[in-house]
Amino acid sequence: MYKIEEPIYFYFFAIIPVIIVIFLLVLWWKKRAQKKFASPELLQQLAPNSSTFKSVLKLVFLIIGLSFLILSLVNPKMGTKLQTVKREGVDVVFALDVSKSMLAEDIAPNRLEKSKQIISKIIDKLGSDRVGVIIYAGNSYPLLPITTDHAAAKMFLQNANPDMVSSQGTAINEALELAKTYYNNDEQTNRFLIIISDGEDHQEETKQVAQNIANEGIKVYTIGVGTESGGPIPMKLNGSLIGYKKDRKGETVITKRKPDVLQGIADAANGNYIDGNKTDNPVKTIEGIITNAQKSEFETKQFSDYKDQFQWFIGIGILFLVLDIFLFDKKTKWLRKVDLFNEEKK
């Protein structure tokens, strides 16, 4: 197992294509200048040991050396020991609505991005708690199994969008059933399911499914995003607005938040409904609930004792740069017979 300490230095690799372009331009300029000075036959007599191959080889050594030095700046670290760590926490699963209605921009920047912000900020407030993410629209999809890796959860969350779900609609029942499979520890005393949606198009039987989940000891909270006045659903192509979603009559569809639906789901599960239009409101509320919840002990395996590996890359990088310095442009005796670039015939 390894990790990268300073990934920002990967940008330095941009200088390598620049070096290659400069080398090719200089080579082209030399060839052009030589043609003006003398014929190829005369140049061969004046400089019989000149070698294009050696120039290319020096460039290759230079690029390899610089690449390893850049990797040393990135400082890859290698995990040397797999360790079992005991932690205390709760299991928190987020069910995120990614239906098309969540693209409405009645809440800036839109309902879906606002929901992602809320989840990210809640994750930031978690300690050693485990977290999982489900997305749903016409069907549900396990975006991230339950894990203690909060950074991975936030990374997967940023990629969530309506195109990841094969059909549109709001299959909250499927999401609720899928959520039950996330809690792999039956002895976990506190299991939380947080549903984030605008409340549109939820099925009538959702309340019964939510109640069944609550009977299994899972605490359900709903967070509503969007306004009651609603807004149109933008249709975009390559990030540019091309119009708004219309119904069969050709009229623009106006999607509205349905807080009564989300409140009904929360009530059926003995949970709470939280207004999510202001980010701090649900974040502080959920943080307080989880902070005061009884924690359960669980085990997780992780790599520890990460050791720096940059010194290996520095050593290899310097080796190639030294080879580049002491490698001359002239042909070596044994390479004269190889003539890889047909230089003797030029």
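Everything here concerns the structure above.
Residues numbered from 1 in each chain as written. Predicted model: local features only at pLDDT ≥ 70, side-chain atom pairs only at ≥ 80, totals over all residues. Heavy atoms only, no water.

## Re the packing of aromatic side chains
Inference 1: This structure, assessed with the given rule, holds five aromatic pairs.
Inference 2: Between tyrosine 9 and phenylalanine 12, the ring centres sit 5.5 Å apart and the planes meet at 70 degrees, which makes this aromatic pair edge-to-face.
Inference 3: Taking the relative accessible area as the measure of exposure, tyrosine 9 reaches 29% and is therefore partly exposed. (Phe/Tyr/Trp six-rings, centres within 6.5 Å; stacked < 30°, edge-to-face > 60°. Buried < 20%, exposed > 50% of the residue type's maximum accessible area, 1.4 Å probe, protein only.)

## Some words on the pairing of strand β4 (residues 130-136)
Inference 1: Among the seven residues that make up β4, seven are buried, leaving the element largely enclosed by the rest of the structure.
Inference 2: Of the two faces of β4, both are covered, the one formed by Arg130, Gly132, Ile134 and Tyr136 as well as the one formed by Val131, Val133 and Ile135.
Inference 3: In the sheet, strand β3 (residues 91-97) pairs with β4 via seven bridges, with the strands oriented parallel. Opposite valine 93, over in β4, you have glycine 132 as the bridge partner.
Inference 4: Each parallel crossover has a hand, and the one from β3 via helix α4 (residues 111-125) to β4 is right-handed.
Inference 5: Here β4 pairs with strand β5 (residues 140-147) via five bridges, running antiparallel. Bridging across to β5, isoleucine 135 finds its partner in tyrosine 141. (Helix = DSSP H or I, 4+ residues; strand = E, 2+ residues; numbered from the N terminus. Pairing = 2+ DSSP bridges. Right-handed = clockwise from strand over helix to strand, strands pointing away.)

## Quick notes on helix α6 (residues 172-180)
Inference 1: For α6, the set of buried residues is Ile172, Asn173, Ala175, Leu176, Leu178 and Ala179.
Inference 2: On its buried face, α6 is in contact with β3, β4, β5, β6 (191-197) and α7 (206-215). (Contact = heavy atoms within 4.5 Å.)

## Examining the sheet that holds strand β12 (residues 272-275)
Inference 1: Here six strands make up an open sheet; going across it, the order is β5-β4-β3-β6-β7-β12 and the pairing mixed. The strands lining the two open edges of the sheet, one partner per strand, are β5 and β12. Each strand of the sheet is rotated relative to its neighbour by a mean of 15 degrees, with strand direction disregarded.
Inference 2: Its contacts with the sheet put helix α8 (residues 259-268) on β6, β7 (218-224) and β12, and the angle it makes with β7 is roughly 170 degrees.
Inference 3: In the packing of helix α9 (residues 280-291) onto the sheet, the strands contacted are β3, β6, β7 and β12, and the crossing angle to β12 comes to about 145 degrees. (Axes fitted to C-alpha atoms, helices over the stretch in contact; angles between N-to-C directions.)

## A closer look at a nonpolar patch on the surface
Inference 1: Taken together, Val18, Ile22, Val26, Trp28 and Trp29 make up a surface patch of nonpolar side chains, about 540 Å² in accessible area.
Inference 2: Along the chain, isoleucine 22 falls in helix α1 (residues 15-37). (Patch = residues over 30% accessible without salt bridge, like charges linked within 9 Å, V, L, I, M, F, W, Y side chains within 5 Å. Areas by Shrake-Rupley, 256 points an atom, 1.4 Å probe, with all protein chains shown as cover. Salt bridge = Lys/Arg side-chain N within 4 Å of Asp/Glu carboxyl O.)

## Quick word on the environment of aspartate 149
Inference 1: Here aspartate 149 lies in the loop between β5 and α5 (150-158).
Inference 2: What makes aspartate 149 partly exposed here is its relative accessible area of 39%.
Inference 3: Aspartate 149 sits 17 residues away from glycine 132 along the chain, and the two C-alpha atoms are 9.6 Å apart.
Inference 4: A polar side-chain atom of aspartate 149 sits 3.3 Å from the main-chain amide nitrogen of alanine 151. (Polar contact = N/O pair within 3.5 Å; in protein donor to acceptor, adjacent residues only side chain to side chain.)

## Some points on α8
Inference 1: The complete set of buried residues in α8 reads Leu262, Gly264, Ile265, Ala266 and Ala268.
Inference 2: Buried residues belonging to α8 abut β6, α7, β7 and β12.
Inference 3: Backbone geometry just after α8 places asparagine 270 at a positive phi near 60 degrees.

## With respect to the pattern of salt bridges
Pairing is possible between side chains that carry opposite charge, provided their charged atoms lie close to one another.
Inference 1: On inspection of all chains with the given rule, the structure shows 11 salt bridges.
Inference 2: The salt bridge involving aspartate 91 is made with arginine 130; its shortest N-O contact spans 2.8 Å. With aspartate 91 in strand β3 and arginine 130 in strand β4, the pair connects residues that are 39 residues apart, well separated along the chain.
Inference 3: On the basis of relative accessibility, which here comes to 0%, the residue aspartate 91 falls in the buried class.
Inference 4: Across the pair aspartate 106 and arginine 111 runs a salt bridge whose closest N-O atoms are separated by 2.8 Å.
Inference 5: By sharing partners, the salt bridges in this structure join Asp106, Arg111 and Asp198 into a single network.

Function-wise, these values are silent; they only describe arrangement.
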